[in-house]
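Chain by chain, the residues:
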Amino acid sequence: MPKKPYTHAKGFNITSLQGKSILYLFRNKRGKVIYIGKCEDDFKDRINSHDYGISRKLTPVIHYITVVIVDTSIYPLYVLEHLFIWCLLPSKNEAVWLFYGNEEDEIIQIAKEKKLYITGSVKEFLLSFESVVIEREWEDISAKKYKRYGELEQLSSKKVNCNGKRSCLCINCLLDRQSVRWKRTAP
Ligand SMILES: [Zn+2]
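For clarity, every value in this text was computed on a predicted model and none was experimentally measured.

As a further point, take the overall build of the protein chain. Helix and strand content of the protein chain: six helices and eight strands. Secondary structure elements in the protein chain, listed N-terminal to C-terminal, are β-β-β-β-α-β-α-α-α-β-β-β-α-α. Within the span of the protein chain, comprising 187 residues, buried residues form 28% of the whole. Look at the contacts in the protein chain between residues 6 or more apart in sequence, and 68% of them connect residues 24 or more apart.

See the structure below:
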């Protein structure tokens, strides 16, 4: 088996993310978010660290990572992380640490106290961030679950535009589909 290129970790091509501050959303084949984390240093290390142990987060069902790119000089990363968790309640995140309650007004106030200034609705705010989707690949072609490692790509080529389909991986569709918050407050 050939040696894995430095640019990949566990089937994910993360070349263009080195040195960036990010949130990462582990998603299954249907696009459901299973786990959300944050990373301000070596994303490759972080991915590898999620692939073992009793609380393993990067199981074989993880097929995509949505990466949200964050300017941490403006936004406190851990507060934003918990805001995404509050919205999506991924099964492998243990608790909603920072945000309690169901009302958006309360959440916006708590965020403000933590120096995360939300303009507009929570959903509009989350949609204002740049994001990309990385599909899982694999270097071993006999592992048919994943496509073979492709060419190295620019970050911009991993951006996802909404196609309006059930399989759409954009954040707008994700928030509509998985957030328990908007469903609860819907008329
Ligand atoms: Zn979409």
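Text resumes after the structure shown.
Below, the discussion takes up the nonpolar core. With 39 residues, the main nonpolar core has Leu-23 and Phe-84 as its most contacted residues. In terms of residue count, helix H2 (residues 77-88) provides more of this core than any other element does, seven residues in total. Look past the residues within four positions of Leu-23 in its chain and what remains in contact with it is Ile-36, Lys-38, Val-68, Val-70, Leu-80, Glu-81 and Phe-84.

Okay, H2 next. Counted at 1.5 Å a residue, the expected span for H2 with its twelve residues is 16 Å, and the 17 Å between its end C-alpha atoms agrees. Counting buried positions over the twelve residues of H2 gives nine, a clear majority of the element. For H2, the complete set of buried residues consists of Leu-80, Glu-81, His-82, Leu-83, Phe-84, Ile-85, Trp-86, Cys-87 and Leu-88. Where H2 ends, the next residue or the one after it, Leu-89, has phi of about 40°, a positive value.

Attention now goes to the environment of Lys-115. Secondary-structure assignment places Lys-115 in the loop between helix H3 (104-113) and helix H4 (122-127). Between the alpha carbons of Lys-115 and Ile-74 there is a distance of 9.0 Å; along the sequence they are 41 residues apart.

Here we come to the pairing of strand S4 (residues 33-39). Direction of pairing for strand S3 (residues 22-28) relative to S4: antiparallel, over a ladder of six bridges. Note on S4: the bridge partner recorded for Leu-25 is Ile-36.

In spatial order, the strands read S4-S3-S5-S6; together these four strands make up an open sheet with antiparallel pairing. Of all the strands in the sheet, just S4 and strand S6 (130-135) have a single pairing partner and so form its edges. In this sheet, neighbouring strand axes are inclined to one another by 20° on average, regardless of whether the strands run parallel or antiparallel. Bridge analysis of S3 against strand S5 (residues 62-69) gives seven bridges, and the strand direction is antiparallel. Paired with Leu-25 across the bridge in S5 is Thr-66.

What follows concerns unusual backbone geometry. One non-glycine residue with positive phi stands out, namely Lys-10, at about 50°. Mapped onto the fold, Lys-10 is located in the loop between strand S1 (8-9) and strand S2 (12-13). For Leu-89, which is not glycine, the phi dihedral falls at a positive 40°. Examined against the element boundaries, Leu-89 turns out to sit in the loop between H2 and H3.

Analysis parameters
- Residues numbered from 1 in each chain as written.
- Predicted model: local features only at pLDDT ≥ 70, side-chain atom pairs only at ≥ 80, totals over all residues.
- Helix = DSSP H or I, 4+ residues; strand = E, 2+ residues; numbered from the N terminus.
- Buried ≥ 20, exposed ≤ 12 C-beta atoms within 10 Å, placed from the backbone.
- Contact = placed C-beta atoms within 7 Å.
- Core = buried A, V, L, I, M, F, W, Y, C linked by C-beta atoms within 7 Å.
- Expected span 1.5 Å × (residues − 1).
- Pairing = 2+ DSSP bridges.
- Axes fitted to C-alpha atoms, helices over the stretch in contact; angles between N-to-C directions.

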